[in-house]
There are 2 protein chains.
Amino acid sequence: MPDTSSGRLYNFSAGPGALPVEVIQAVRAELPVYRKTGASVMEISHRSEEYISIEASARALLRRLMGLEEDWHILFLGGGASMQFHQVPLNFLTHSADYLVTGTWARKAIAEAAKLGHARKVASSEDANFSYIPVRDTWDLNPDSVYLHFTSNNTVYGTQFRESPKASVPLVCDASSDFLSRSIELNRYGLIYAGAQKNLGPAGATIILIKDNFLARRKSGLPTMLDYGTHTAKCFNTPPVFAVYVVEKVLRWLEDQGGIRAIEAVNSRKAALLYNTIDASGFYHGTAAPDSRSRMNVTFRLPNAELENQFVDEARDGGLLALKGHRSVGGIRASIYNACPFAAVLALVSFMKDFERRRG
Amino acid sequence: MPDTSSGRLYNFSAGPGALPVEVIQAVRAELPVYRKTGASVMEISHRSEEYISIEASARALLRRLMGLEEDWHILFLGGGASMQFHQVPLNFLTHSADYLVTGTWARKAIAEAAKLGHARKVASSEDANFSYIPVRDTWDLNPDSVYLHFTSNNTVYGTQFRESPKASVPLVCDASSDFLSRSIELNRYGLIYAGAQKNLGPAGATIILIKDNFLARRKSGLPTMLDYGTHTAKCFNTPPVFAVYVVEKVLRWLEDQGGIRAIEAVNSRKAALLYNTIDASGFYHGTAAPDSRSRMNVTFRLPNAELENQFVDEARDGGLLALKGHRSVGGIRASIYNACPFAAVLALVSFMKDFERRRG
């Protein structure tokens, strides 16, 4: 069980999700005054030296962590990943774009693109309630597509692409729920976007990475705020200052953990422990196809809904938060993002075994 | 001079601007754990009871403070006021819309509208570096316009509309820098938007008020995230949770101050004290036409740029922050939003008199 002396419990929220406790403590320590500014970080100009150096530090950390060369632009915008469902095709969809439809968010993304042009469904797992990632052999790829859009991790359904898709066109990825959780084949991508509120910081910032030669393909005459070029050229309008400030601390924390390879190893161990517990039991069963299982959101069912409700309530009483599954899948969902410590998963597994003994 | 025991100084930043110290302290007190949630407010779901009740409280406070009946929708979106320059005409601009061009932001607003349709310039003060608000007699209003857009306060130039414009069509107002600083003629408006980071909270949330009968006039087939109807219907995507949480506290603080009438009286006294000091001096001179002066951003010049730089630096050393004017006007700008206490203005006036004695 968690150390409850601080009142902080183990948080399995799917998003906004847990942040490292060190980050939260550092934020607290910089209130009511940020360093020598005479004000909190919420009250200083985004044109001030102090804020500019926070954002520069966040960019530098991200470049180091991901190995992003200078031909990658890094943006911190407001508006959420959902805005990207529109902004990506608005900027780039000319004749045709390909979409892999593997869940709720992917379906929303293709629907927005279809309002603007020809958005082709390359493959879909909707036939089985999005419980799997379609194998590559079945994808109907168009080599003339301007991009291939996919959702790397499906928060609702607990599925995840094993690796970056192979395609002859640039990948555009909604990485909202597994950004920085593992290394990726960067050279396959043109654009990556992620809402901060899962692996990276508080809600309110969207991180966008765009490769320069992909950016160059965008259309002209776009609305200023929705033109990626507006934001790669300069800091155009007030950014979500506080959210970026927290993101910078999370990135520093991630570097302190040993970077992406190190966190990827921990994430694999966390997921393996949970899936092994599920598979070893006749009581719990996973909802995602084994070859498509997510290392970020582990979804499983109990024999009936009543037991599931008891599970969630008793877990909550035992200090394990936010385990209720999404309404479209039901059951239990344990979101084990970067900031969820191994100890939290150990505590959950221990609770699961105990619950099964008592109720199974 | 401010009480510097806490390290907090008097903050005249144009935005992100000062927040009430009570709000910052309350935020600090709720870290690392928000009430009984076991996590900070940054780490809880936007579908949780706790967040839903924060947002509901913010709405209820805003309704009471402004006297908003149920036919007004209240939205808290990400993306910034600059996104509204596009979103407003995207939703509403059919045959023609009218724009009053009184500053940098107004010019950006009409430029975005012109990308989408016929945006008429009703009046402009660009001929005199936006130092005044054109008098109503000179406005070339179109009675068939779908709306009349104006910027109620011009942060950069220190000008402000004395009252809500009279027009036969609904007003659309960018109220980013004077929202909730004074009472307005609500029945003239169709839509009001404001970035939070001046009078209302941290950067990262945009408040949008839309009257139901105005909303009903919007176009169909809009991109989902940019359709106001998406957000009036339900909480569609993750809101900027932390920013809304702070906004709720600022609104509560404002109610504790006695509401809008009470803060309006304080704001008038603060502005009068500053403008009287400027006018009584042969050393300082205001840049805005006297009948157009802003009660939020007081802009003035000294005899030369060298003195202005000394003024800013010495003020900073004396605990008076962020007094440098915007580069397009130069000189000094004192932003005295709701959260800037009367004592801060007293301290500034005292410094101004002392500086004039020494350097005048």
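Reading guide: rules and limits
- Residues numbered from 1 in each chain as written.
- Chains lettered and ligands numbered in written order.
- Predicted model: local features only at pLDDT ≥ 70, side-chain atom pairs only at ≥ 80, totals over all residues.
- Heavy atoms only, no water.
- Helix = DSSP H or I, 4+ residues; strand = E, 2+ residues; numbered from the N terminus.
- Rg over C-alpha atoms; globule rule 2.2 N^0.38 Å.
- Buried < 20%, exposed > 50% of the residue type's maximum accessible area, 1.4 Å probe, protein only.
- Contact = heavy atoms within 4.5 Å.
- Areas by Shrake-Rupley, 256 points an atom, 1.4 Å probe, with all protein chains shown as cover.
- Core = buried A, V, L, I, M, F, W, Y, C linked by side-chain atoms within 4.5 Å.
- Polar contact = N/O pair within 3.5 Å; in protein donor to acceptor, adjacent residues only side chain to side chain.
- Pairing = 2+ DSSP bridges.
- Axes fitted to C-alpha atoms, helices over the stretch in contact; angles between N-to-C directions.
- Expected span 1.5 Å × (residues − 1).
- Phe/Tyr/Trp six-rings, centres within 6.5 Å; stacked < 30°, edge-to-face > 60°.
- Buried area = accessible area lost by both parts, 1.4 Å probe.
- Salt bridge = Lys/Arg side-chain N within 4 Å of Asp/Glu carboxyl O.
- Nonpolar A, V, L, I, M, F, W, Y, C, P; charged D, E, K, R; others polar.
- Parallel < 35°, antiparallel > 145°, perpendicular 65-115°, else oblique.
- Left-handed = near helix turned anticlockwise from the far one by under 90°.
- Least-squares fit on C-alpha atoms with pLDDT ≥ 70 in both.

A.B. asks: Any details on the overall build of chain A? Residues and values, ideally.
C.D. replies: Scanning chain A for helices and strands turns up 10 helices and 14 strands. In terms of overall dimensions, chain A is globule-like: its C-alpha atoms have a radius of gyration of 21 Å, near the 21 Å expected for 360 residues. Seen along its three principal axes, the alpha-carbon backbone of chain A occupies a region of about 65 × 55 × 30 Å. Looking at chain A as a whole, 64% of its 360 residues are labelled buried. Here the contacts in chain A between residues at least 6 apart in sequence split such that 65% fall between residues at least 24 apart. For chain A, the exposed area adds up to about 13200 Å²; of that, 49% sits on carbon and sulfur atoms.

A.B. asks: Account for the nonpolar core, with residues named and values stated.
C.D. replies: Ranked by size, the top nonpolar core spans 116 residues in total, and within it Leu62(A), Phe179(A), Leu209(A), Leu62(B), Phe179(B) and Leu209(B) carry the most contacts. In this view, Leu62(A) contacts Gly67(A), Leu68(A), Ile74(A), Phe179(A), Leu180(A), Ile207(A), Leu209(A) and Leu251(A); residues no more than four positions away in its chain are not counted.

A.B. asks: Provide a residue-level description of the side chain of Asp178(A), including the pertinent values.
C.D. replies: Residues and elements named next belong to chain A. Counting through the fold element by element, Asp 178 comes out in the loop between β8 (171-174) and β9 (189-195). When its relative accessible area of 5% is taken as the criterion, Asp 178 is described as buried. One polar contact links Asp 178 to Arg 182, side chain to side chain, over a distance of 3.4 Å. Once residues within four sequence positions are removed from consideration, Asp 178 is found in contact with Ser 152, Asn 153, Gln 160, Asn 199 and Met 296.

A.B. asks: Go over the sheet that holds β8(A) with me, naming the residues and quoting the values.
C.D. replies: Residues and elements named next belong to chain A. An order of β2-β10-β9-β8-β5-β3-β4 is seen for the 7 strands of this open sheet, with the pairing classed as mixed. Each of the sheet's edge strands pairs with one partner strand only, and the pair in question is β2 (72-77) and β4 (119-124). Strand-to-strand twist of the sheet, defined as the mean angle between neighbouring strand axes without regard to direction, takes the value 20 degrees. Examined bridge by bridge, strand β5 (residues 148-151) and β8 share 4 bridges and lie parallel to one another. Residue pairing across strands places His 149 opposite Val 172, the latter belonging to β8. Where helix α4 (residues 104-114) meets the sheet, its contacts fall on β3 (97-101), β4, β5 and β8, and the angle it forms with β3 comes to roughly 155 degrees.

A.B. asks: Run through helix α2 (residues 49-66) of chain A, naming residues and quoting values.
C.D. replies: Residue and element names in this part refer to chain A. In a regular helix each residue adds 1.5 Å, so 18 residues correspond to 26 Å; α2 covers 26 Å between its end C-alpha atoms and thus fits that length. Of all the positions in α2, only Tyr 51, Ile 54, Glu 55, Ala 58, Leu 61, Leu 62, Arg 63, Leu 65 and Met 66 are classed as buried. Each element contacted by the buried residues of α2 is listed here: β2, β10 (206-211), α7 (241-256) and α8 (259-279). Where α2 terminates, the next one or two residues include Gly 67, which has phi positive at roughly 70 degrees.

A.B. asks: How would you summarise the packing of aromatic side chains if you had to cite specific residues and measurements?
C.D. replies: All names here are of chain B. Here the structure, examined in full by the defined rule, presents 37 aromatic pairs over all chains. Ring geometry for Tyr 99 and Tyr 147: centres 5.8 Å apart, planes at 70 degrees, overall edge-to-face. Of this pair, Tyr 99 sits in strand β3 (residues 97-101) while Tyr 147 sits in the loop between β4 (119-124) and β5 (148-151), and the two are 48 residues apart along the sequence. In this structure, Tyr 99 and Tyr 147 share a single accessibility class: buried.

A.B. asks: Lay out the interface of chain A and chain B in plain terms, naming residues and giving numbers.
C.D. replies: Chain A puts 57 residues into the contact, and the matching count from chain B is 56 residues. With both chains or domains summed, chain A and chain B bury close to 4500 Å², and 59% of this area falls on carbon and sulfur atoms. The largest per-residue losses of area from chain A upon contact with chain B belong to Arg28(A), Met42(A) and Glu43(A), which jointly make up 15% of the total buried on that side. At the junction of chain A with chain B, the criterion picks out 2 salt bridges. The closest approach of N and O atoms between Arg8(A) and Glu43(B), which form a salt bridge, is 2.8 Å. Taken together, the elements giving at least two residues each to the side of chain A that touches chain B come down to α1 (21-29), α3 (81-92), α4 and α7 of chain A. The greatest single-element share of the side of chain A that touches chain B, amounting to 4 residues, is contributed by α1(A). In terms of residue class, the side of chain A that touches chain B is built from 26 nonpolar, 23 polar and 8 charged.

A.B. asks: Break down the packing of helix α9 (residues 305-317) of chain A against helix α10 (residues 342-359) of chain A for me, citing the residues and quoting the values.
C.D. replies: Residues and elements named next belong to chain A. Close contact between α9 and α10 brings their axes to 11 Å; oriented N to C, the two are set at 135 degrees. In this view, α9 runs oblique relative to α10, as classed from their interaxial angle. Here α9 runs over α10; the crossing is right-handed. Touching Leu 307, Gln 310, Phe 311, Glu 314 and Ala 315 of α9 are Leu 348, Phe 351, Met 352, Phe 355, Arg 358 and Arg 359, all from α10. A class-by-class count of the residues in the contact of α9 with α10 yields 7 nonpolar, 1 polar and 3 charged.

A.B. asks: How would you summarise the relation of the copies chain A and chain B if you had to cite specific residues and measurements?
C.D. replies: For these two chains of identical sequence, chain A goes onto chain B by a turn of 180 degrees and a shift of 0.0 Å along the axis, with RMSD 0.0 Å. Taken together, the rotation and translation relating the two chain copies correspond to the operation of a two-fold axis. Within chain A, the C-alpha atom positioned nearest to the axis of rotation is that of Gly79(A), 2.1 Å from it. When the interface residues of chain A are mapped onto chain B, 98% of them again fall at the interface, so both copies present the same face.

A.B. asks: Before we move on, could you go through the environment of Thr277(A) and cite the residues and values that matter?
C.D. replies: By secondary structure assignment, the location of Thr277(A) is in helix α8. Not counting residues within four places of it along the chain, the set of residues in contact with Thr277(A) comprises Val349(A), Met352(A) and Lys353(A).

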